[in-house]
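Structural features, examined
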Amino acid sequence: METGDSKVLVRPEQAPASRVLFVAVGICGLIAVVSVIIAAIALSSGNSTPNITVNGGNVQSSSGGASYGPAGVASTASGGKIWNIAIGHDYGIHEYINTTGYLAGFNFDLIDAVCNAAGANCYTIWEPYVNCMDSELGQHTHGGQGLLDGWYDVCTGWSQSVTRLQIVSFSKPFIKANPVYLWYKKGATFNENDVTNKKIGFLDGWVTDEKCFARQTSLTGVTSITATHVLTTPELNSQIQDGTVDAAFAGETALKEFQNGLTRSSKVFQCSIGGLSMMTRKDNTFNAMWNMGFDKIVANGKFKALCQASGTKHGSDARGNIVRCVDT
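What you see is a predicted model; the values in this text were computed from it and never measured.

A separate point is the nonpolar core. Membership of the largest hydrophobic core comes to 57 residues, with the highest contact counts inside it found for Phe-106, Leu-110, Phe-174, Leu-255, Met-279, Trp-290 and Phe-303. Broken down by element, this core gets its largest block of residues, 8 residues, from helix H2 (residues 106-118). Residues within four places of Trp-290 in sequence aside, it is in contact with Leu-110, Ile-111, Val-114, Ser-171, Phe-174 and Met-278.

Here's what the structure looks like:
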């Protein structure tokens, strides 16, 4: 249209295009609102944290029910906190790798029973022992990076000691403290009472560390030894056999697998002030849950039954046939 000298051009398609854009924006907004409502309904129904059942290495989702497989442990609890439990493979009848390559042992059976009794979600994680508790040549034992950094909640089957009580917290013990010996090559000449200038091997992070050895007043020359550290029991046995060390200072279970080639001292030592327990950071609440579940399986006889069955189920000449459960 025209008004004086001014001309205003109105394109016929301008108004309809604006309406189309407005309608499109409205539809998008409505879709977004509906999506939010659907998501909220989905989150509020059922379990927000499904159980994960691990069987034979295959991870499957389940809505409940107990599950215990060689690759992990799941309890009957549905939803709630998941407790991650570090466990090893180098501790005789308690923890070992079976013929199919999976972790097995008394400790796995105990975890399953306690967590089910407590109604807790528990999952096992294989971990090198040094990540739970560590010791370096000539130094005091200290907490392992995995435990202190929170990679998991707890480490399985650790002896209580004076040093460790200043670093971590423990559950009620379930296995009696392990007797400790000096181990040397079968047929070798070794004075069990005098270690002056001897080379002694130690397992890194284990309770049988240099500091415990130095406290053994029944031995002569404990301050004059040359110490070596290794991470695993096969390494320690190899050092004894090839003469790298004159003897090793280790618990009964640690070197039992290699006993046919070793002589164990007649003198018995002790490095623990409490038996094998679950070990956590001091700010972790796992032990309260564990102690509750443990008390239940003690009361109903399940713990005693597990102990009695362990020799038949997990025992062997190499691993041993006895689990020294605490008296209940």
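The discussion continues.
Below, the discussion takes up the state of the cysteines. If you walk through the whole model with that rule in mind, you get 4 disulfides. Paired by a disulfide, Cys-132 and Cys-155 hold their sulfur atoms 2.0 Å apart. In this structure the cystine formed by Cys-132 and Cys-155 twists about its S-S bond by roughly -90 degrees; its chirality is therefore left-handed. Residue Cys-132 is found in the loop between strand S10 (121-126) and strand S11 (133-134), and its partner Cys-155 is found in strand S13 (residues 154-160); the two are separated by 23 residues along the sequence. When sorted by exposure, Cys-132 lands in the same class as Cys-155, which is buried. Put simply, Cys-307 and Cys-325 are joined by a disulfide, and their sulfur atoms are 2.0 Å apart. Because the sign of the S-S torsion sets the handedness, a value of about -100 degrees for the bond joining Cys-307 and Cys-325 places this disulfide among the left-handed ones.

Glancing now at the confidence of the model for the protein chain. Looking at the protein chain as a whole, its pLDDT mean stands at 82, while 76% of the residues score no less than 70. Predicted confidence for residues 1-17 stays below pLDDT 50, and this span has 3 contacts to residues more than four positions away or in other chains. Low pLDDT, under 50, characterises residues 36-71; the predicted model gives this stretch 59 contacts beyond four residues in sequence or across chains.

Applying the stated criterion to the full structure yields 13 aromatic pairs. Seen in terms of ring centroids, Phe-174 and Trp-290 are 6.0 Å apart; in terms of plane orientation they differ by 50 degrees. Their pairing is tilted. Here Trp-290 lies in helix H8 (residues 286-299) and Phe-174 lies in the loop between strand S14 (169-170) and strand S15 (180-185), a separation of 116 residues in the sequence. Of the residues examined, Phe-174 reaches a relative accessible area of 0% and is grouped as buried. Its relative accessible area of 0% is what places Trp-290 among the buried residues. Their ring planes at 65 degrees and their centres at 6.2 Å tell us that Phe-202 and Phe-249 sit as a pair that is edge-to-face.

The rules behind the values
Residues numbered from 1 in each chain as written. Predicted model: local features only at pLDDT ≥ 70, side-chain atom pairs only at ≥ 80, totals over all residues. Heavy atoms only, no water. Core = buried A, V, L, I, M, F, W, Y, C linked by side-chain atoms within 4.5 Å. Buried < 20%, exposed > 50% of the residue type's maximum accessible area, 1.4 Å probe, protein only. Helix = DSSP H or I, 4+ residues; strand = E, 2+ residues; numbered from the N terminus. Contact = heavy atoms within 4.5 Å. Disulfide = S-S within 2.5 Å. pLDDT = per-residue confidence, 0-100. Phe/Tyr/Trp six-rings, centres within 6.5 Å; stacked < 30°, edge-to-face > 60°.

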